[in-house]
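# Structure assessment
Spelled out from the first residue to the last, the chains are:
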Amino acid sequence: KNGVFILLTNDELFFLYLNNTPKMYPRRFNAAYFKFRTREAYVEHIKTCSENCLSETEKEEIISGCWKIKVRSLIDYMDKAGIHAVFYDDEKYPQMLRDIDNPPAMLYYIGDISLCSENSVAVVGSRHATGYGADVTDYFVREFVSADLTVISGMAEGIDACAHRCTVKYSGKTIAVLGSGIDRIYPMINEDIYRELCVSGLVLSEYPISSKPQKSNFPERNRLIIGLAKCLLVVEAGVKSGTMITVDFALEQGKNVYAVPGSIFSFSGKGVNQLIKSGCAVATEPEDILQEFGVYINKQKEVKQTALTGLDKQICDLLAREDCPFHVLQEKIKCDAGELGEALMMLEISGHINQGPGRIYSLKR
């Protein structure tokens, strides 16, 4: 019993306790860990200096040794939930994170921590993904999996979730870096991803057990996504968004950033198009990224093209500009509802378009 307890030293158990005190936020905890390293050094510090992030009760627990009672309860919970902790000096700690500014002193994880040592690409984008964005993500991720790359993202709604789901669909390896405690699923709509990655991938967090997701957590979290990856692929993004913060971290860390061109009529296309205008590398096919890993796709595949005419062409031309619900298509094309419905059904069957929730149609790329 208590496998986690056995694997940690006494000093690590103390810092596990300290990390889970209410006001010990990651930056504050990292500073304490890297400065003191041992419980004895920290005890001497709080005996002689004021420490505003600790209550008087917590100080007394630390000095008297009663912290061990609380940490045993925490360890029991972690064992039952399959949660592990790894510290900066542990050989299992991801080497790539040692090279970033402000590396986490410790990480919580569920799953296979060795995935952090694999060749990896980060895939991020808009929380409001369009059908086009989902298709693009699927297209790129499929080839990443074929090349045995690990896909890293943040388990947010939209492109992040799509990147994880597509990787699982193609039986690939994927890592989710959370902006909440390792045992807190956020957003709940992605519970299926979380459960799957706990078994077949890796879920990672620097935040204390059961921490709620805070707005300020996500920019901090993004530095870890980039730290673990060799390069970044951006699929759809607003001009002012968390994705752009991730891009900033990539540039700071000297990682290449690739952007997939977006529709000039779409809000989600404005950010990626701005990146391209600013000199970011353009990604129009997976090989643009795979070349970084020395992988080249065999393009000798038969390509069949079918020329569209009439109503079919009108529909696809409209959907090439933006995703549209049925009533908007009918209003713009001005045709009979029955005729339009039949045309849409045939285009979907032939693989030209996708139908999403609410009868919103998108062009399949």
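Look up: the structure comes first, before these words.
Throughout, residues of each chain are indexed from 1 in the direction in which the sequence is written. Reporting in this predicted model follows two pLDDT cut-offs: at least 70 for local features of residues, and 80 or more for side-chain atom pairs to be given and counted; totals over whole chains, interfaces and linings ignore these cut-offs and use all residues. Only hydrogens and water are set aside; all other atoms, that is, all heavy atoms of the structure, feed into the side-chain values.

## Points about the packing of aromatic side chains
Here is the rule: Here a Phe, Tyr or Trp ring, Trp counted by its six-membered ring, pairs with any other such ring whose centre lies within 6.5 Å, and the pair is stacked when the planes are under 30 degrees apart, edge-to-face when over 60, and tilted otherwise. Only DSSP runs of H or I covering at least 4 residues are called helices, and only runs of E covering at least 2 are called strands; the numbering of each starts at the N terminus. Exposure categories follow from relative accessible area, calculated using a 1.4 Å probe and restricted to protein chains: below 20% of the type maximum is buried, above 50% is exposed, and the middle band is partly exposed. As a reminder, the over-ring test applies to NZ of lysine and CZ of arginine, requiring each to be within 6 Å of the ring centre and within 35 degrees of the ring normal.
Using the criterion set out here, one finds 16 aromatic pairs in the structure. Judged by centre distance (5.8 Å) and plane angle (55 degrees), the ring pair of Phe14 and Tyr42 falls under tilted. Here the residue Phe14 occupies a position in helix H2 (residues 10-19), and Tyr42 occupies one in helix H4 (residues 39-48), the gap between them amounting to 28 residues. Where Tyr33 meets Phe34, the ring centres are 5.4 Å apart and the plane angle is 80 degrees; that geometry is what we call edge-to-face. A residue is classified by how much of its surface remains accessible, and Tyr33, at 4% relative accessible area, is buried. Using a relative accessible area of 30% as the deciding quantity, one classes Phe34 as partly exposed. Site record: aromatic cluster; members linked through ring pairs are Phe14, Phe15, Tyr17, Phe29, Tyr33, Phe34, Phe36, Tyr42, Trp67, Phe87, Tyr88 and Tyr93. When the ring centre of Phe265 is taken as origin, the NZ or CZ atom of Arg321, which lies over that ring, is 4.4 Å away. Looking at Arg359, its charged tip hangs above the ring of Phe326, at a distance of 4.1 Å from the centre.

## Observations regarding the pattern of salt bridges
This is how the line gets drawn: The working definition used for a salt bridge is a side-chain nitrogen of Lys or Arg within 4 Å of a carboxyl oxygen of Asp or Glu.
Applying the stated criterion across every chain, the model contains 14 salt bridges. Where Asp89 meets Arg37, a salt bridge forms, and the shortest distance between an N and an O atom there is 2.3 Å. Of this pair, Asp89 sits in the loop between strand E1 (84-87) and helix H7 (95-98) while Arg37 sits in the loop between helix H3 (26-36) and H4, placing them 52 residues apart in sequence. Shared partners join several salt bridges into a network, and the residues in it are Arg27, Glu206, Glu220 and Arg223.

## Looking at the sheet that holds strand E5 (residues 173-177)
Rules: Strands are treated as partners if at least two bridges between them are detected by DSSP.
The strand order E1-E2-E6-E5-E4-E3-E7-E8-E9 describes an open sheet built from 9 strands, whose pairing is mixed. Every interior strand has two partners, whereas the edge strands, E1 and strand E9 (281-282), have only one.

## Structural notes on the environment of Ser362
Note the cut-off: By definition, residues are in contact when any of their heavy atoms lie within 4.5 Å.
With respect to the helices, strands and loops of the structure, Ser362 is situated in strand E12 (residues 360-363). For Ser362, a relative accessible area of 6% translates into the label buried. For Ser362 and Ser278, which are 84 residues apart along the polypeptide, the C-alpha to C-alpha distance reads 28 Å. Look past the residues within four positions of Ser362 in its chain and what remains in contact with it is Gly131, Leu319, Asp323, Ile353 and Asn354.

## Considering the packing of H2 against H3
Inclusion rule: Here the axes come from fitting lines to C-alpha atoms, over the contacting stretch only for helices, and the angles between their N-to-C directions go from 0 to 180 degrees. Here the word oblique covers every angle except those under 35 degrees (roughly parallel), over 145 (roughly antiparallel) and from 65 to 115 (roughly perpendicular). Two helices cross in a left-handed way if the nearer one is turned anticlockwise from the farther one by less than a right angle. They cross in a right-handed way if the turn is clockwise.
Contact pair H2 / H3: the axes reach a minimum separation of 10 Å and the direction vectors enclose 155 degrees. Considering the angle they form, H2 stands roughly antiparallel to H3. Relative to H3, H2 is oriented so that their crossing is right-handed. Residues Phe15, Leu18 and Asn19 of H2 lie in contact with H3, whose contacting residues are Phe29, Ala32 and Tyr33.

## Description of the packing of helix H16 (residues 326-333) against helix H17 (residues 337-349)
Our working definition: Under the grouping applied here, Gly and all other residues not named as nonpolar or charged are polar, the nonpolar ones being Ala, Val, Leu, Ile, Met, Phe, Trp, Tyr, Cys and Pro and the charged ones Asp, Glu, Lys and Arg.
Where H16 contacts H17, the two axes come as close as 11 Å, and the packing angle between them is 115 degrees. Every pair of crossing elements has a handedness; the one defined by H16 and H17 is right-handed. Along its contact with H16, which presents Phe326, Leu329, Gln330 and Ile333, the element H17 presents Ala337, Leu340, Gly341 and Leu344. The residue makeup of the contact of H16 with H17, split by class, is 6 nonpolar, 2 polar and no charged.

## Remarks on the nonpolar core
One broad trend across soluble globular proteins is that nonpolar side chains are buried collectively. Put simply, the rule is: Among the buried residues, those of types Ala, Val, Leu, Ile, Met, Phe, Trp, Tyr and Cys that are joined through side-chain atoms within 4.5 Å form a nonpolar core.
One finds Leu18 and Tyr42 to be the most contacted residues of the largest nonpolar core, which totals 75 residues. Broken down by element, this core gets its largest block of residues, 6 residues, from H2. When near neighbours in sequence (up to four residues on either side) are disregarded, Leu18 contacts Met24, Phe29, Ala32, Tyr42, Leu54 and Ile62. Core analysis: the second largest hydrophobic core is formed by 24 residues, Val123, Phe140, Ala163 and Tyr258 among them.

## Quick notes on the sheet that holds strand E10 (residues 324-325)
Pairing within the open sheet is antiparallel, and its 3 strands lie in the order E10-E12-E11. A strand with exactly one partner marks an edge of an open sheet, and here the two such strands are E10 and strand E11 (353-356). Across 2 bridges, the pairing between E10 and E12 is antiparallel. Opposite Cys324, over in E12, you have Tyr361 as the bridge partner.

## What about H17?
Under the convention used in this document: Any helix carries an expected span of 1.5 Å times its number of residues minus one. The directions from the helix axis to the C-beta atoms form the arc being described.
For H17, built from 13 residues, the straight-helix expectation of 18 Å at 1.5 Å per residue is met to within 8% by its first-to-last C-alpha distance of 18 Å. Of the positions making up H17, those classed as buried are Leu340, Ala343, Leu344 and Leu347. Angularly, the buried residues of H17 cover 100 degrees about the axis, an arc narrow enough to put them on a single face. More than 90 degrees from the buried face of H17, the exposed residues found are Glu342 and Ile349.

## Here's the deal with helix H15 (residues 310-321)
Since the α-helix advances by 3.6 residues per turn, residues separated by three or four positions end up pointing in the same direction. Counted at 1.5 Å a residue, the expected span for H15 with its 12 residues is 16 Å, and the 18 Å between its end C-alpha atoms agrees. By the burial criterion, the buried members of H15 are Leu311, Ile315, Cys316, Leu318 and Leu319. Taken around the axis of H15, the buried residues stretch over an arc of 160 degrees, which confines them to a single face. Turning to H15, the residues buried within the fold contact E10, H16, H17, E11 and E12.

Purely geometric stuff here, so don't read any function into it on its own.
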